[in-house]
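As a plain string of letters, each chain reads:
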Amino acid sequence: MNYTQAYELLKHKGQTHILDFFDSLTEKDRQRLLAQIEHIDWSVVEAAGRKNETKSRGKTEPLNAIEAAEMERKKDAFHSLGIKAIRDKKVGCVLLAGGQGTRLGFDKPKGMLNIGINRKLYLFEMLICNLMKNTRDAETTVPLYIMTSDKNHEDTVTFFQEHNFFGYPKEDISFFIQEMVPCTDFHGKILMENPSAICMSPNGNGGWYTSMQNAGILEDVKKRGLEWMNVFSVDNALQQIADPAFIGATIDSGCVSGAKVVRKASPDERVGVLCLEDGRPSIVEYYEMTQEMANLRKPNGDLVYGFGVTLNYLFRVDMLNEMLGANMPLHIVEKKIPYMDREGNYIKPDKPNGYKFETLVLDMVHMSHSCIPCEVIRDKEFAPIKNASGVDSPESARKLLAANGIEL
Ligand code: UTP
């Protein structure tokens, strides 16, 4: 694409400001910017105009979970079924580590956060440790695929290498990079990072399987004959990965996906709730629930919509393959996005100033025709780190880790 073609395209899209500093750029930077313009996914950028459209939801109904007491009762059977699947090499794991962790405000990949007190204990290390506990039981290992983004790939890979992959077999770990999309202001104008670069951000955690395909990783999945993928977030320090009981319970249910859920602490807790929407599994966000729905109780007093998702899912690989190429809903999220203004000043906003565009893994649950929620005990398996302090912070996670006997 040359300058004239780029200008014509941007004029048509109402985005010519992207070329405001073109004349002052070096030839290399000009080529870089033209290449970026050529690769803009306009369907994403144009979604900004639909931000305020209200999305109508289908009919919601409760979805029964395997509650903790039943998980406990059937523990041995579920555990042996899961161990067998791991030993038969049917299970792979995917660590979603491409997020920017803006709420935490840590300037490195979130997994590099030290959650130790008297010793160093990194979040990545903790997750590998949790995974190894389960693979040791199965006397084998599972492939671990780690999703990063352009923004944190190098730091993440170097960190793993410097720490000798925290003792996990190197040949079982692969990294892949997720796609990036432009960010816009609230009027849909693309934000600039500097005179020669558009502000780009990772395209959300819903594109992980497509990104695996784009990176050529699905060849490995096929070669290894994997049947299940356990996908999980980087920011839960108590995350149980390749958990045999969860795998066994999902296989036993006959569902094509499973989700680890926790009992909501209160009706207004800010978590997405797993339920049925028009007969398919679906996650309804806390802000989408009416007061009536959030407070609805069963005769025994339990909340009807009482189980929140923890971002730990199991998906059948054949179902994921069928989904490849399907359009996923785009979520338009208001965020604080550092940018360069029209006069060339660099601005670090202290409140949200624009939109990021993301697909979400939770929509994959709705795209699958069946999902079994498996309740886990929240104090044992849920220590999220989202914020710098207070709720879901390193401090609250450390308390939970200590309560679980983890030396910090
Ligand atoms: P969050 O939704 O908490 O987003 O990610 P985030 O970007 O990490 O944090 P904030 O919202 O900016 O504070 C949940 C999980 O999904 C991963 C994250 O790394 C985390 O494990 N994720 C998120 C990706 O892998 N890619 C993305 O584009 C977004």
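That block above? That's the structure.
For clarity, every value in this text was computed on a predicted model and none was experimentally measured. Per chain, the residues get numbers from 1 upward, laid out in the order the sequence is written. Residue-level local features of this predicted model are given only where pLDDT is at least 70; pairs of side-chain atoms are given and counted only at 80 or more, and the full residue set underlies all totals for whole chains, interfaces and linings. Working from all heavy atoms in the structure, the side-chain values ignore hydrogens and water.

Draft legend 1. Structural detail: the sheet that holds strand S6 (residues 184-185). Each pair of strands is called paired provided DSSP finds at least two bridges between the two strands. Under the scheme used here, helices are H or I runs from DSSP no shorter than 4 residues and strands are E runs no shorter than 2 residues, and both carry numbers assigned from the N terminus. An order of S6-S18-S15 is seen for the three strands of this open sheet, with the pairing classed as antiparallel. Edge positions in the open sheet fall to S6 and strand S15 (331-335), since each of these has one partner strand only. Of the pairings in the sheet, the one linking S6 to strand S18 (residues 354-358) comprises two bridges and is antiparallel in character. Bridge pairing in S18 places Thr184 opposite Tyr355.

Draft legend 2. Just the packing of aromatic side chains, in detail. Between rings of Phe, Tyr and Trp, where Trp is taken as its six-membered ring, a pair exists when centres lie within 6.5 Å; planes separated by under 30 degrees are stacked, by over 60 edge-to-face, and by other angles tilted. Overall, the coordinates contain 14 aromatic pairs when judged by the stated rule. An angle of 75° between the planes, with centres 5.4 Å apart, marks the rings of Trp208 and Tyr209 as edge-to-face. Like Tyr209, Trp208 is buried. Ring centres 5.9 Å apart and planes at 35° place the aromatic pair Tyr313 and Phe315 in the tilted group. Accessible area is worked out with a 1.4 Å probe on protein chains only. A residue is then buried under 20% of its type maximum, exposed over 50%, and partly exposed in between.

Draft legend 3. Region of interest: the nonpolar core. Among buried residues, those of type Ala, Val, Leu, Ile, Met, Phe, Trp, Tyr and Cys that are joined through side-chain atoms within 4.5 Å constitute a nonpolar core. Counting 40 residues, the largest nonpolar core has Cys93, Leu95, Phe124, Ile128, Leu131, Leu144 and Tyr168 as the members making the most contacts within it. Taken together, the elements giving at least two residues each to this core come down to helix H5 (75-87), strand S2 (91-96), helix H6 (123-137), strand S3 (144-148), helix H7 (153-162), strand S10 (228-233), helix H10 (244-253) and strand S19 (371-375). Looking at which element gives the most residues to this core, the answer is H6, with five residues. Between two residues, a contact is recorded if the distance between any of their heavy atoms is within 4.5 Å. Residues within four places of Leu95 in sequence aside, it is in contact with Phe124, Leu127, Leu144, Tyr145, Ile146, Met147, Phe232, Ser233 and Val234. Counting residues in hydrophobic clusters, the runner-up holds 37 residues, among them Leu63, Val94, Leu274 and Val365.

Draft legend 4. The site of the ligand, seen in detail. Around the ligand, a shell composed of 19 residues is seen, among which Leu96, Gly98, Thr102, Gln178 and Lys386 lie nearest. The definition of a polar contact used here is a pair of N or O atoms within 3.5 Å, where within protein one atom must be able to donate a hydrogen and the other to accept one, and adjacent residues in sequence count solely through side-chain atom pairs. Measuring from an oxygen atom of the ligand, one finds a backbone N or O atom of Leu96 at 2.6 Å. Per-residue and other accessible areas were derived by the Shrake-Rupley procedure at a 1.4 Å probe size, with only the shown protein chains allowed to occlude residues. Relative to its free-state accessible area of 570 Å², the ligand is covered by the protein chains to the extent of 91%. Under the scheme applied, nonpolar residues are Ala, Val, Leu, Ile, Met, Phe, Trp, Tyr, Cys and Pro; charged residues are Asp, Glu, Lys and Arg; polar residues are all the others, including Gly. Looking at the shell around the ligand residue by residue, the class counts come to six nonpolar, nine polar and four charged. The rule for a residue being near a molecule or strand is that one of its heavy atoms must lie within 4 Å of it.

Draft legend 5. Highlighting unusual backbone geometry. Phi angles above zero are rare outside glycine, and Phe165 is one such case at about 55°. The class for Phe165 is buried, based on a relative accessible area of 8%. Of note in the backbone geometry, Leu311 takes a positive phi value of approximately 60° without being a glycine. Of note, Leu311 is situated in strand S14 (residues 307-316). What makes Leu311 buried here is its relative accessible area of 18%.

Draft legend 6. Helix H1 (residues 3-13), seen in detail. One side-chain oxygen of the residue at the start of H1 lies 3.2 Å from the amide nitrogen of Thr4, identifying that residue as Asn2. Positive backbone phi, at 70°, marks Gly14, one or two positions downstream of H1.

Draft legend 7. Expanded view of the environment of Val231. When you line up the elements, Val231 lands in strand S10. Sequence separation between Val231 and Leu360 is 129 residues, and the spatial gap between their C-alpha atoms is 12 Å. Contact partners of Val231, with chain neighbours within four places excluded, come to Val94, Leu96, Trp208, Leu311, Asn312, Tyr313, Phe315 and Val361.

Draft legend 8. Structural detail: the pattern of salt bridges. One side-chain nitrogen of Lys or Arg within 4 Å of one carboxyl oxygen of Asp or Glu is enough to make a salt bridge. All told, the structure shown has 23 salt bridges when counted by the stated rule. In this structure, the salt-bridge partner of Glu227 is Lys90, at a minimum N-O distance of 3.7 Å. Pair noted here: Glu227 is in the loop between helix H9 (218-224) and S10 and Lys90 is in the loop between H5 and S2, with a separation of 137 residues, a long-range link. Using a relative accessible area of 27% as the deciding quantity, one classes Lys90 as partly exposed. In this structure, the salt-bridge partner of Lys260 is Glu381, at a minimum N-O distance of 2.7 Å. Taken together, the residues Lys260 in strand S11 (residues 257-263) and Glu381 in helix H14 (residues 378-381) connect sequence positions 121 residues apart. Glu381 carries the same exposure label as Lys260, and that label is buried. Three or more residues joined by partner-sharing salt bridges are found here, namely Glu67, Arg263, Lys298, Asp302 and Glu375.

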